[in-house]
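What follows is each chain in one-letter form.
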Number of protein chains: 2
Amino acid sequence: MAKVGVLLSGCGVNDGSEIHEAVLTMLALDRLGVERLCMAPNIDQRDVVNHLSGNEVSETRNVLVESARIARGEISDLADISAADIDAVILPGGFGAAKNLCDFAVAGAQTEVHPEVLRLLQEMHKVGKPIGAICIAPAVLARALGAFKPEITIGNDLATAQILESFGARHQECPVDGVVVDQRNRLVTTPAYMLGPGLREIAAGIDKLVQQVAGMVA
Amino acid sequence: MAKVGVLLSGCGVNDGSEIHEAVLTMLALDRLGVERLCMAPNIDQRDVVNHLSGNEVSETRNVLVESARIARGEISDLADISAADIDAVILPGGFGAAKNLCDFAVAGAQTEVHPEVLRLLQEMHKVGKPIGAICIAPAVLARALGAFKPEITIGNDLATAQILESFGARHQECPVDGVVVDQRNRLVTTPAYMLGPGLREIAAGIDKLVQQVAGMVA
């Protein structure tokens, strides 16, 4: 049975993993009979956002600990996982991907990817294991693998896409129920809540992404 | 278009709403074209649990604020919602249902339901609007509506079921992909993670529950 990593970045769209995208990824894997291995970096979140008010609050939360809420406690420290442990990896979106897995949300063109995230993505890419990324998470791929000219989508936000292209990525517009597949680099991306509008539409794209990723493993 | 309330109790299986159950409820509603109205009580959580270690930690979090993570900020204070605002209501599970919506997790046979939760459930029941409850959340119904001898399931945990029967409920064993329908009281319940084992199985039960509840509205 294939084992696919799910790289989380917290728990909540504004400071962590987008919860719907993460759960729909896990559901699609489960429906395909694919085992999942949830993981997250063991670091403090960049910030904590009150999701009712939308305001940043003066709290400290740990990315691994908060991600464990989505994973129901079944989660590994990213530092303990290498490409040898998994057949593929999928990054759900949410601001956590752009705040905790890398700093795209604040650094833009100067983005740096968290070293452990960079290590795992480079390991996976080097051995040809597929990588999926949802919503804004393709920004992480664009920066980590920019030298390989990854073909990705973040939907139709062309200003953001332009920054990703400055990293070396090639952006393709894509509808919410579609995916962009980079066969050469073994990457699959889908816009999800970069476009919305709701759960059924993002589920269609995420289902396709998971099927493509699982198909690359098989 | 029907509008169904989703009554959340925080964000995370051990101290709030079970995230998978909540998201699958919202997905099923969205796929049926039913509008959702997420809500939660504006109170402190009974406790905060580190979902990585499983240990209680000395933090204070607000049920409404944390529930807003699942709802992507689109959520109402339960105190502002009455039966007139919605056609039905569904309670996902997780320990939050038994710690924050009522105190079943600590009080057992002496359980009290939070006054605002009790008010809404009694209003809904009085006007014959359907109520769905998932996982351990039927414990809230058992206590709030015990006088009406509600027929419910929490799966096959007979020790817990016995306490719910002491409230007046009648318990039926039910598999994870099934539902128990109380036509007289217009209640639908499904065991979800009271039985598990995984997302695809609980999705089957939750899909049926949402279809039954929506069907009672139509």
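See above for the structure.
S.K.: Can you break down the sheet that holds strand S1 (residues 3-7) of chain B residue by residue, with the values?
M.R.: All names here are of chain B. Ordered in space as S5-S2-S1-S6-S7-S11-S10, the 7 strands form an open sheet in which the pairing is mixed. Because the sheet does not close on itself, it has two edges, and the strands there are strand S5 (75-77) and strand S10 (180-182). Taken over all neighbouring pairs, the strand axes of this sheet differ in orientation by 25° on average, direction set aside. Pairing between strand S2 (residues 35-40) and S5: 3 bridges, direction parallel. Among the inter-strand pairings, Ala 40 is bridged to a residue of S5, identified as Asp 77. Strands in contact with helix H5 (residues 115-126) are S1, S2, strand S6 (88-91) and strand S7 (131-134); relative to S6, the strand with the most contacts, it is inclined by about 135°. Here helix H8 (residues 199-217) sits on the sheet in contact with S6, S7, S10 and strand S11 (187-190), set at roughly 175° to S11.

S.K.: Could you give an account of the relation of the copies chain B and chain A, with specific residues and numbers?
M.R.: Rotating chain B by 180° and moving it 0.0 Å along the rotation axis overlays it on chain A with an RMSD of 0.0 Å. Within this description, the copies of the chain are treated as partners about a two-fold rotation axis. Taking the C-alpha atom as reference, chain B places B:Val23 closest to the rotation axis, 3.6 Å from it.

S.K.: Can you lay out the packing of aromatic side chains for me, pointing to particular residues and giving the numbers?
M.R.: Scanning the entire structure with this criterion turns up 2 aromatic pairs over all chains. Ring geometry for B:Phe104 and B:Phe167: centres 6.3 Å apart, planes at 80°, overall edge-to-face. Here B:Phe104 is found in helix H4 (residues 104-107), whereas its partner B:Phe167 is found in the loop between helix H7 (158-166) and strand S9 (170-171), with 63 residues between them in sequence. Lying over the aromatic face of A:Tyr193, B:Arg72 brings its terminal NZ or CZ to 3.5 Å of the ring centre.

S.K.: Got a sec to walk through the pattern of salt bridges? Specific residues and values, please.
M.R.: Taken as a whole and assessed by the stated rule, the structure comprises 22 salt bridges over all chains. Here B:Glu66 ties to A:Arg61 by a salt bridge, and the two come within 2.9 Å at their closest N and O atoms. Here the residue B:Glu66 occupies a position in helix H2 (residues 63-70), and A:Arg61 occupies one in the loop between strand S4 (56-57) and helix H2 (63-70), the pair thus bridging two chains. The pair formed by B:Glu66 and A:Arg61 is uniform in burial state, with each residue classed as buried. A salt bridge links B:Glu201 to B:Arg200; the nearest nitrogen and oxygen atoms lie 3.5 Å apart.

S.K.: Give me the lowdown on the interface of chain B and chain A, citing residues and values where you can.
M.R.: In this complex, chain B contributes 38 residues to the contact, which on the side of chain A involves 38 residues. Across the chain B to chain A interface the summed buried area is about 3300 Å²; carbon plus sulfur atoms make up 56%. Summed over the three residues of chain B that lose the most area to chain A, namely B:Leu52, B:Arg69 and B:Arg72, the buried surface amounts to 24% of that side. Linking chain B with chain A are 8 salt bridges, by the criterion used here. Seen at the junction of chain B and chain A, the total is 16 residue pairs in polar contact (both at pLDDT 80 or more). When contributions to the side of chain B that touches chain A are tallied by element, the ones reaching two or more residues are helix H1 (19-31), strand S3 (48-49), H2 and H8 of chain B. Counting residues per element, the side of chain B that touches chain A draws most heavily on H1(B), at 8 residues. Residue composition of the side of chain B that touches chain A, grouped by class: 18 nonpolar, 7 polar and 13 charged.

S.K.: Residues and numbers for the pairing of S1(B), please.
M.R.: All names here are of chain B. Counting buried positions along S1 yields 4 of 5 residues, so the element is predominantly enclosed. Taken together, S1, H1 and S2 constitute a β-α-β crossover, and its handedness is right-handed. Where S1 meets S6, 3 bridges bridge the pair, whose relative direction is parallel. Each bridged residue has a counterpart across the sheet, and for Gly 5 the counterpart in S6 is Val 89.

S.K.: Can you break down the sheet that holds strand S5 (residues 76-77) of chain A residue by residue, with the values?
M.R.: All names here are of chain A. Spatially, 7 strands are ordered S5-S2-S1-S6-S7-S11-S10 in an open sheet, and the strand pairing comes out mixed. Strand pairing shows two members of the sheet lacking a second neighbour, S5 and strand S10 (180-182), which therefore form its edges. In this sheet, strand S7 (residues 131-134) lies alongside strand S6 (residues 88-91) in parallel orientation, the contact comprising 3 bridges. Residue pairing across strands places Ile 90 opposite Gly 132, the latter belonging to S7.

S.K.: Please set out helix H5 (residues 115-126) of chain A residue by residue, giving values where relevant.
M.R.: Residues and elements named next belong to chain A. With 12 residues, H5 extends 16 Å from end C-alpha to end C-alpha; this agrees with the ideal 16 Å at 1.5 Å per step. Those residues of H5 that sit buried are Val 117, Leu 120, Leu 121, Met 124 and His 125. Buried residues in H5, looked at end-on, bunch into an arc of 130°, giving them a common side. Residues Pro 115 and Lys 126 are exposed on H5 and point more than 90 degrees away from its buried face. For H5, the elements touching its buried residues are strand S1 (3-7), strand S2 (35-40), S6, S7 and helix H6 (138-144). The positive-phi residue at the C-terminal boundary of H5 is Gly 128, with phi of around 75°.

S.K.: Talk me through the packing of H1(B) against H8(B); I want residue IDs and the actual numbers.
M.R.: All names here are of chain B. Contact geometry for H1 and H8: axes closest at 9 Å, N-to-C directions at 45°. Accordingly, the angle class assigned to the pair H1 and H8 is oblique. In terms of crossing hand, the pair formed by H1 and H8 is right-handed. The residues of H8 that touch H1, namely those facing His 20, Glu 21, Leu 24, Thr 25, Ala 28 and Leu 29, are Leu 199, Ile 202, Ala 203, Ile 206, Asp 207 and Val 210. Along the lines of polarity and charge, the residues of the contact of H1 with H8 split into 8 nonpolar, 2 polar and 2 charged.

Rules used in this analysis
Residues numbered from 1 in each chain as written. Chains lettered and ligands numbered in written order. Predicted model: local features only at pLDDT ≥ 70, side-chain atom pairs only at ≥ 80, totals over all residues. Heavy atoms only, no water. Pairing = 2+ DSSP bridges. Helix = DSSP H or I, 4+ residues; strand = E, 2+ residues; numbered from the N terminus. Axes fitted to C-alpha atoms, helices over the stretch in contact; angles between N-to-C directions. Contact = heavy atoms within 4.5 Å. Least-squares fit on C-alpha atoms with pLDDT ≥ 70 in both. Phe/Tyr/Trp six-rings, centres within 6.5 Å; stacked < 30°, edge-to-face > 60°. Lys NZ or Arg CZ within 6 Å of the ring centre and 35° of its normal. Salt bridge = Lys/Arg side-chain N within 4 Å of Asp/Glu carboxyl O. Buried < 20%, exposed > 50% of the residue type's maximum accessible area, 1.4 Å probe, protein only. Buried area = accessible area lost by both parts, 1.4 Å probe. Polar contact = N/O pair within 3.5 Å; in protein donor to acceptor, adjacent residues only side chain to side chain. Nonpolar A, V, L, I, M, F, W, Y, C, P; charged D, E, K, R; others polar. Right-handed = clockwise from strand over helix to strand, strands pointing away. Expected span 1.5 Å × (residues − 1). Arc of directions from axis to C-beta. Parallel < 35°, antiparallel > 145°, perpendicular 65-115°, else oblique. Left-handed = near helix turned anticlockwise from the far one by under 90°.

Treat this as a map of the structure, not an account of what it does.
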